[in-house]
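Residues per chain, in single letters:
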Amino acid sequence: MKICVSSYSFHKYTTEGKLDQLTLMDKAKELGFEGVEFSYDKASIEPKIVERSRDLDLPVVCYLTGADFVNRDFEKEVARLHEEVDIAAALGVKLMRHDTTYSFPKGMTFDDILPIIAE
């Protein structure tokens, strides 16, 4: 088993400009993590992430992206997720995770949206 960290764990530092997607990998390695999960749209720097991963011997083990099958157009969201799968593949990951929704429409319960997200 490997102890890994999500890039989102460094969110505060990346939004404050203290780390970027590449330097957070350096920090993860320094802290003793054995892998990293990247979250969201990193397509613009994916080749650099792959290179840094190799250089640090710090594999990208998972890719996380948001999704919302309930509040967005279902077919467009599926198509967008296909693009995210391509990013995950380019990163060389074998695992990917995503949300099914961010919020329930007013008056709807989990039982109401279950058929939508199950599809």
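Details of the structure are given in the entry above.
This write-up is about the structure you can find in this document. Every chain's residues receive numbers from 1 upward, in the order its sequence appears when written. Totals for whole chains, interfaces and linings use all residues, but because this is a predicted model, local features are given only for residues with pLDDT of at least 70 and pairs of side-chain atoms are given and counted only at 80 or more. Working from all heavy atoms in the structure, the side-chain values ignore hydrogens and water.

Concerning the packing of aromatic side chains
Reasoning step 1: The criterion for an aromatic pair is that two Phe, Tyr or Trp rings (for Trp, the six-membered ring) have centres within 6.5 Å, with stacked assigned to planes under 30 degrees apart, edge-to-face to planes over 60 apart and tilted to the rest. Applying the stated criterion across every chain yields a total of two aromatic pairs.
Reasoning step 2: Ring centres of F69 and F74 lie 5.4 Å apart, and the angle between their planes is 45°; on these two criteria the pair is classed as tilted.
Reasoning step 3: Using a 1.4 Å probe on the protein chains alone, a residue whose accessible area is under 20% of its type maximum counts as buried, one over 50% counts as exposed, and one in between counts as partly exposed. For F74, a relative accessible area of 21% gives the class partly exposed.
Reasoning step 4: Geometrically, the ring pair formed by F104 and F110 is tilted, given 6.5 Å between the ring centres and 35° between the ring planes.
Reasoning step 5: Note on F104: relative accessible area 40%, which makes it partly exposed.
Reasoning step 6: On the accessibility criterion, F110 (44% relative accessible area) is partly exposed.

Concerning helix α4 (residues 74–91)
Reasoning step 1: In this model, α4 (18 residues) spans 26 Å end to end at C-alpha, consistent with the 26 Å of a helix rising 1.5 Å per residue.
Reasoning step 2: Secondary structure elements follow DSSP: runs of H or I no shorter than four residues count as helices, runs of E no shorter than two count as strands, and numbering proceeds from the N terminus. Looking only at α4, the buried set comprises E77, L81, E84, I87, A88 and L91. Angular distribution of buried residues about the axis of α4 spans 100°; they occupy a single face of the element. Of the exposed residues in α4, those oriented more than 90 degrees away from the buried face are E75, K76, H82, E83, D86 and A89. Multiplying one less than the number of residues by 1.5 Å gives the expected span of a helix. The arc in question is formed by the directions pointing from the helix axis toward the C-beta atoms.

Focus on helix α3 (residues 46–56)
Reasoning step 1: Turning to α3, its buried residues are E46, I49, S53 and L56. Looking straight down α3, one finds that the buried residues subtend no more than 95° of arc, so they occupy a single side. Exposed residues lying more than 90 degrees from the buried face of α3 are P47, R54 and D55.
Reasoning step 2: Note on α3: the residue one or two positions beyond its end, D57, has a positive phi of about 50°.

Examining the nonpolar core
Reasoning step 1: We call a set of buried residues a nonpolar core when its members are Ala, Val, Leu, Ile, Met, Phe, Trp, Tyr or Cys and they connect through side-chain atoms within 4.5 Å of each other. Of all hydrophobic cores here, the largest spans 18 residues; its most connected members are M25, V36 and F38.
Reasoning step 2: Elements supplying a minimum of two residues to this core: α2 (23–30), β2 (35–39), α3, β3 (60–65) and α4.
Reasoning step 3: Residues contacting F38, with those up to four places away along its chain left out, are S7, Q21, L24, M25, I49, V60, C62, Y63 and L64. We call two residues contacting when some pair of their heavy atoms lies within 4.5 Å.

So, the sheet that holds strand β1 (residues 4–6)
Reasoning step 1: The four strands lie next to each other as β1-β2-β3-β4, forming an open sheet whose pairing is parallel. Only two strands of the sheet have a single neighbouring strand rather than two, namely β1 and β4 (96–98). Going from strand to strand, the sheet's axes swing by 20° on average, the running direction of each strand aside.
Reasoning step 2: The pairing of β1 with β2 spans three bridges and is parallel. Paired with V5 across the two strands is V36, which belongs to β2. Two strands qualify as a pair provided DSSP detects at least 2 bridges between them. Simply put, an axis is a line fit to the C-alpha atoms, just over the touching stretch for a helix, and the angle between two N-to-C directions goes from 0 to 180 degrees.

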